Amino acid sequence: RRWAAQIALNLALIAAVFLGAAYLGRHPQAWLPEVLRAPTGHRSVLWLAAVVLAMPMFVATFRKLQALGLLVAELAVAETAAGERTAAIRSIVAQAIPMTGLVALVLFGLALSSALLPPWKVLVVLLTVVALLTWLLWRTSVRLYSKAQIALEETLARPPERPDNGTPQVASLVLEADLASVAIADASPGARKLIRELALRTRTGASVVGIERAGSTVINPGPDEELLPGDQVLLLGNPAQLEAARTLFGCPPTDGAR
């Protein structure tokens, strides 16, 4: 429920951005250049500005859906029931959830911005610009959202509730979950080692939830899976745990490391 509340908060912020832009669209400001006071130019600029402002929330929501897909795939598809098809079924589930969510996010954004949408020819150009900006600003959006989330958590910080055995509740762990990808090089400390040999979860708190290898994907690899040079290892954990895991694999610290 807490994780769903976080996604709902992102959607509410996105809605606030687009509704604010729609309000400005109905009240052109006198100080704007004449070309931007024309309906088409005014709506186009406001729509693009709203998309850029909402981009960190869009990206964060999509990444949460990716993590949700991996967790649901692991929890819902039991190896005892699926047998040899476990990995394939988990891969389908893990991809279906974020892709479905992405379509829903696009439709949500278009519905909110219906009052601002310019003619379709202009819209096609703007969508191309948005796709390019998303590609260029993806990492920046992730860092901005992470810093805002950390600041909010520090402001509202309180000790996590723990059961009697002292283990953090699953809800607290899921709320902080994020994804990171690490490339295994020849010289990496993790190259040619089994996952159990690395003791990654014990040493850093992060978990290996997927491996991309030679065009195929291994979802939720077992402890006896060997990491090979050229693998892209997908890690799940909070920002501090992911940074510790990157260090363990011999990767340089990220720009957003604290």
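Source: prediction; values computed, not measured.

Overview of the pattern of salt bridges
When the charged atoms of two side chains with opposite charge come close together, those side chains can pair.
Next, step 1: Under the counting rule described, the total for this entry stands at three salt bridges.
Next, step 2: Here Arg213 ties to Glu225 by a salt bridge, and the two come within 3.1 Å at their closest N and O atoms. One end of the pair, Arg213, is in strand E3 (residues 207-213); the other, Glu225, is in the loop between strand E4 (216-219) and strand E5 (226-227), with 12 residues separating them in the sequence.
Next, step 3: Glu225 sits in the partly exposed class, given a relative accessible area of 23%.
Next, step 4: For Arg213, the salt bridge is made with Asp231, and the minimal N-O distance between the two is 2.7 Å. Remark: Asp231 occurs in the loop between E5 and strand E6 (232-237) and Arg213 occurs in strand E3; sequence separation between them is 18 residues.
Next, step 5: Sharing partners across several salt bridges, the network here consists of Arg213, Glu225 and Asp231.

A look at the confidence of the model for the protein chain
Next, step 1: Of all residues in the protein chain, 80% attain a pLDDT of 70 or more, and the chain-wide mean is 78.
Next, step 2: The element-level mean pLDDT for the protein chain is lowest in helix H7 (residues 170-175), coming to 51, with helix H5 (residues 86-112) highest at 88.
Next, step 3: Every residue in residues 166-170 scores below 50 in pLDDT, and together they form six contacts with partners more than four places removed in sequence or on other chains.

Some details on the packing of helix H1 (residues 2-26) against H5
Next, step 1: Between H1 and H5, the shortest axis-to-axis distance is 9 Å and the interhelical angle comes to 30 degrees. Classified by the angle their axes make, H1 and H5 are roughly parallel. You can see that H1 and H5 cross each other, and the crossing is right-handed. Residues Leu11, Ile14, Ala15 and Phe18 of H1 form the contact with H5, whose participating residues are Leu105, Phe108, Gly109 and Leu112.
Next, step 2: Taken together, the residues of the contact of H1 with H5 sort by class into seven nonpolar, one polar and no charged.

Focus: the packing of aromatic side chains
Both the distance between ring centres and the angle between the ring planes are used here to describe each pair of aromatic rings.
Next, step 1: For the coordinates displayed, the defined rule picks out one aromatic pair.
Next, step 2: Measuring from ring centre to ring centre gives 6.5 Å for Phe18 and Phe58, while their planes differ by 70 degrees; the resulting arrangement is edge-to-face. Of this pair, Phe18 sits in helix H1 while Phe58 sits in helix H3 (residues 39-76), and the two are 40 residues apart along the sequence. Grouping residues by exposure puts Phe18 and Phe58 together as buried.

Side note on the nonpolar core
Next, step 1: Core analysis: the biggest nonpolar cluster contains 20 residues, and Ile14, Phe18, Trp47, Ala54 and Phe58 have the highest contact counts within it.
Next, step 2: Every element with two or more residues in this core is listed here: H1, H3, H5 and helix H6 (120-155).
Next, step 3: Look past the residues within four positions of Phe58 in its chain and what remains in contact with it is Ile14, Phe18, Leu105 and Gly109.
Next, step 4: Residues Ala191, Ile195, Val208 and Leu235 belong to the second largest nonpolar core, which totals 18 residues.

Some remarks on the environment of Gly69
Next, step 1: Looking at where Gly69 falls in the secondary structure, it is placed in helix H3.
Next, step 2: For the pair Gly69 and Ala96, spaced 27 residues apart in sequence, the C-alpha separation works out to 7.4 Å.
Next, step 3: Setting aside chain neighbours within four positions, we find Gly69 in contact with Val93, Ala94 and Ile97.

Focus on H1
Next, step 1: With 25 residues, H1 should reach 36 Å at 1.5 Å per residue; the first-to-last C-alpha distance of 36 Å fits that figure.
Next, step 2: Listed in full, the buried residues belonging to H1 are Trp3, Gln6, Ile7, Asn10, Ile14, Ala15, Phe18, Ala21 and Ala22.

Regarding the pairing of E4
Next, step 1: Where E3 lies against E4, four bridges are found, and the strand directions are antiparallel. Across the sheet, the residue bridging to Gly210 is Ile219, located in E4.
Next, step 2: Once E3 ends, the chain turns through two residues before running back antiparallel as E4, passing Ala214 with a positive phi of about 50 degrees.

Parameters and conventions
Residues numbered from 1 in each chain as written. Predicted model: local features only at pLDDT ≥ 70, side-chain atom pairs only at ≥ 80, totals over all residues. Heavy atoms only, no water. Salt bridge = Lys/Arg side-chain N within 4 Å of Asp/Glu carboxyl O. Helix = DSSP H or I, 4+ residues; strand = E, 2+ residues; numbered from the N terminus. Buried < 20%, exposed > 50% of the residue type's maximum accessible area, 1.4 Å probe, protein only. pLDDT = per-residue confidence, 0-100. Contact = heavy atoms within 4.5 Å. Axes fitted to C-alpha atoms, helices over the stretch in contact; angles between N-to-C directions. Parallel < 35°, antiparallel > 145°, perpendicular 65-115°, else oblique. Left-handed = near helix turned anticlockwise from the far one by under 90°. Nonpolar A, V, L, I, M, F, W, Y, C, P; charged D, E, K, R; others polar. Phe/Tyr/Trp six-rings, centres within 6.5 Å; stacked < 30°, edge-to-face > 60°. Core = buried A, V, L, I, M, F, W, Y, C linked by side-chain atoms within 4.5 Å. Expected span 1.5 Å × (residues − 1). Pairing = 2+ DSSP bridges.

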